[in-house]
Amino acid sequence: MIKIDGGRVTGTTGQDGVTVFKGIPFAKAPFGPLRFAPPVPPDPWDGVLAADRFGPRPPQAPMMPGAPSWNPDDGLDILTVNVWTPDAGGSGLPVMVWIYGGAFRFGSADLPLHDGGRLAGQGVVVVTFNYRVGFEGFGHVPGAPDNRAFLDQVAALRWVQENIAAFGGDPGRVTVFGQSAGAVSIASLLAMPMADGLFGRAIAQSVCGIYFTPAHAERVTREISGRIGSLRDSAPEELVAVSEAIANKDITGNSAKWGPMGFAGLAFAPVVDGEVLPDTPWNALAAGAGRDVDLIVGYTRDEYQMVHAMSGGWSAGLAPAMDVLAPSGAESSYRAAHPDISDDDLYVRLMSDWMFRMPSALLADAHTGTTYAYELTWAPSPTFKACHMLDVPLTFGNVSDQMATMLSGGSPDLPNLSEQFRTAWLGFATTGDPGWPRYEAGVATTHLFDVTPSDVDDPEAASHAIWSKTGFPAIA
């Protein structure tokens, strides 16, 4: 039994000696009178909380057919935290706090892919938590703060600072790590003054380059309000359904109306509101934000390949994508660097660069503190290659997960690649050194994760040169 700020909690200890505490509230349910409000600390509880089950998922649609579904009957006490510790009675262990991805509209901490037991068994305290997604977390609401998802994350990180010592962790050695929208969250937290001092190291895996201006976020809200009426009085499931319909049927494929979002199909993204988020991470970091935080940032070689493969090879068209997304003259530069590339492969490369690879590379350029960079080049499946999300099971070591098996094609090299990732991430969380040379803008030394790993200078130099001209301003 452990005593924390809210009261006493008990967890469950597995055969490997790791004790897990699930579903501990770090904020009140953000619904009813608290809907669209900043997170509010939970009320303390009487007796002992049996922390033996995950809290409810945030309201959302299934990420894909067959994916776990959100059930409104599970309740709305969604802001909960989970802790895996190898030494609940000890002290001073490094702490790793995972922030999940999910295109800003999906995600939860209870997925088997995010089980922290394997990492914790190697000598760290692992924390995961839920935060609001979709409109609840990122939608613009007049009179309410933007970026409520980030406010949830800050509240969870404050909970870690105040309570993690009781679980054997060192609040002075906190590393945040996350992938996709989770990496965007980390990049944003680096730019947010209210997150200063909440973590000392960060690992951003596949940072997306999509941020909205307030004007763009307001446009989305007008579309939703026109179909749902009162936002504050709408049922969470109704708001999810309307938001999904707009994202899938109105925004996706409609670049004439929605510009770049016609290619991404996103209704929600972080808003550069000047308050919660003062500026884009690239601008903020270049100006010195986050300089005291050690950073690992990287991407996979074929980020967009999974989306492309699962759509049957469909594309919105190379010419319009180049016209809307890429810097001027990009196609000729791409073809000069890759003279034999097909239109289909160039489309995948363009989408990979625009969505994840180059935002990550430019974040490494912008960071003025200690920086390390990587690229996952291991391509175990001829269908998915080195695709987006392949690094998640490698990070946690949950290589028997269904997603890991699908993306890797059951490759026998899966355990080896996972060992590489976990060794690097654990080393960084413990000592600040992942095991390869630091990144310096201009040289851009990058670690390649593959069956035989290596360190090279700027492996994507051609793309890097193309995108360095324009960067990733917020979408108006």
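These numbers were taken from a predicted model, which means no experiment stands behind them.

Q: What is the right way to look at the packing of helix 12 (residues 330–337) against helix 13 (residues 343–366) in this model?
A: In a packed pair of helices, the relevant descriptors are the angle between the two axes and the axis-to-axis distance. At a minimum axis separation of 12 Å, helix 12 and helix 13 run at an interaxial angle of 115°. For the element pair helix 12 / helix 13, the angle class is roughly perpendicular. In this structure, the crossing between helix 12 and helix 13 has a hand that is right-handed. Of the residues in helix 13, those in contact with Glu331, Tyr334 and Arg335 of helix 12 are Asp343, Leu346, Arg349, Leu350 and Asp353. In terms of residue class, the contact of helix 12 with helix 13 is made up of three nonpolar, no polar and five charged.

Q: Even after reading the chapter, I still don't get the sheet that holds strand 5 (residues 48–50), so can you show me in this structure?
A: Strand pairing in a sheet takes place through backbone hydrogen bonds and is either antiparallel or parallel in direction. A sheet is described by the order of its strands in space; here three strands give the open sequence 1-2-5, paired in mixed fashion. Whereas interior strands pair on both sides, the edge strands pair on one side only; in this sheet they are strand 1 (2–4) and strand 5. Across the sheet, the axes of successive neighbouring strands diverge by a mean angle of 35°, strand direction being ignored. Across three bridges, strand 1 lies against strand 2 (residues 7–10) in antiparallel orientation. Looking at the pairing, Ile2 lines up with Val9 of strand 2.

Q: Even after reading the chapter, I still don't get the nonpolar core, so can you show me in this structure?
A: Taken as a class, soluble globular proteins show a tendency for nonpolar side chains to be buried jointly. Core analysis: the biggest nonpolar cluster contains 161 residues, and Phe199, Trp354 and Trp425 have the highest contact counts within it. Among the elements that take part in this core, helix 13 stands out by supplying 14 residues, more than any other. Excluding its chain neighbours within four sequence positions, the residues that come into contact with Trp354 are Gly209, Ile210, Pro260, Met261, Phe263, Ala264, Leu325, Pro359, Trp467 and Phe472.

Q: Explain the pattern of salt bridges to me, please; I cannot follow it from the model alone.
A: Note on pairing: side chains with opposite charge can pair once their charged atoms come close. In this structure the tally under the stated criterion is 18 salt bridges. For the salt bridge of Arg132 with Asp152, the shortest nitrogen-to-oxygen distance reads 2.7 Å. With Arg132 in the loop between strand 8 (125–129) and helix 2 (134–138) and Asp152 in helix 3 (residues 148–163), the pair connects residues that are 20 residues apart, well separated along the chain. Accessibility assignment for this pair places Arg132 and Asp152 in one class, buried. Residue Glu419 is joined to Arg422 by a salt bridge in which the shortest nitrogen-to-oxygen separation is 3.3 Å. Placement of both Glu419 and Arg422 in helix 16 (residues 414–431) is noted, with a separation of three residues, approximately one turn of the helix. Note on Glu419: relative accessible area 37%, which makes it partly exposed.

Q: For this particular structure, what's the right way to read the packing of aromatic side chains?
A: Given two aromatic rings, their pairing is described by the distance between the two centres and the angle made by the two planes. Counted under the stated rule, the structure contains 26 aromatic pairs. Centre to centre, the rings of Tyr211 and Trp282 are 5.6 Å apart; their planes meet at 85°, and the pair counts as edge-to-face. Of this pair, Tyr211 sits in the loop between strand 10 (201–205) and helix 5 (214–228) while Trp282 sits in helix 9 (residues 281–286), and the two are 71 residues apart along the sequence. Among the residues examined, Tyr211 registers a relative accessible area of 0% and is labelled buried. Three or more aromatic residues link up through ring pairs in this structure, and these residues are Tyr372, Tyr374, Phe421, Trp425, Phe428, Trp436 and Phe449. Here the guanidinium or amino end of Arg219 rests over the ring plane of Trp258, the centre of that ring lying 4.4 Å away.

Q: Looking at this structure, how should I read the packing of helix 3 against helix 4 (residues 181–191)?
A: Across the interface, helix 3 lies against helix 4 with an axial gap of 11 Å and an inter-helix angle of 75°. The angle between helix 3 and helix 4 falls in the class roughly perpendicular. Contact residues: helix 3 offers Phe150, Gln153, Val154 and Leu157, while helix 4 offers Ser185, Ser188 and Leu189. Its residues assigned to classes, the contact of helix 3 with helix 4 shows four nonpolar, three polar and no charged.

Q: Mind showing me how you'd approach the side chain of Glu375 here?
A: In this structure, Glu375 sits in strand 12 (residues 371–376). Overall, Glu375 belongs to the buried group, its relative accessible area being 1%. Ignoring any residue separated from it by four or fewer positions in sequence, one finds Glu375 in contact with Tyr299, Thr300, Arg301, Arg357, Thr446, His447, Leu448, Phe449, Pro459 and Glu460.

Rules used throughout
Residues numbered from 1 in each chain as written. Predicted model: local features only at pLDDT ≥ 70, side-chain atom pairs only at ≥ 80, totals over all residues. Heavy atoms only, no water. Axes fitted to C-alpha atoms, helices over the stretch in contact; angles between N-to-C directions. Helix = DSSP H or I, 4+ residues; strand = E, 2+ residues; numbered from the N terminus. Parallel < 35°, antiparallel > 145°, perpendicular 65-115°, else oblique. Left-handed = near helix turned anticlockwise from the far one by under 90°. Contact = heavy atoms within 4.5 Å. Nonpolar A, V, L, I, M, F, W, Y, C, P; charged D, E, K, R; others polar. Pairing = 2+ DSSP bridges. Core = buried A, V, L, I, M, F, W, Y, C linked by side-chain atoms within 4.5 Å. Buried < 20%, exposed > 50% of the residue type's maximum accessible area, 1.4 Å probe, protein only. Salt bridge = Lys/Arg side-chain N within 4 Å of Asp/Glu carboxyl O. Phe/Tyr/Trp six-rings, centres within 6.5 Å; stacked < 30°, edge-to-face > 60°. Lys NZ or Arg CZ within 6 Å of the ring centre and 35° of its normal.

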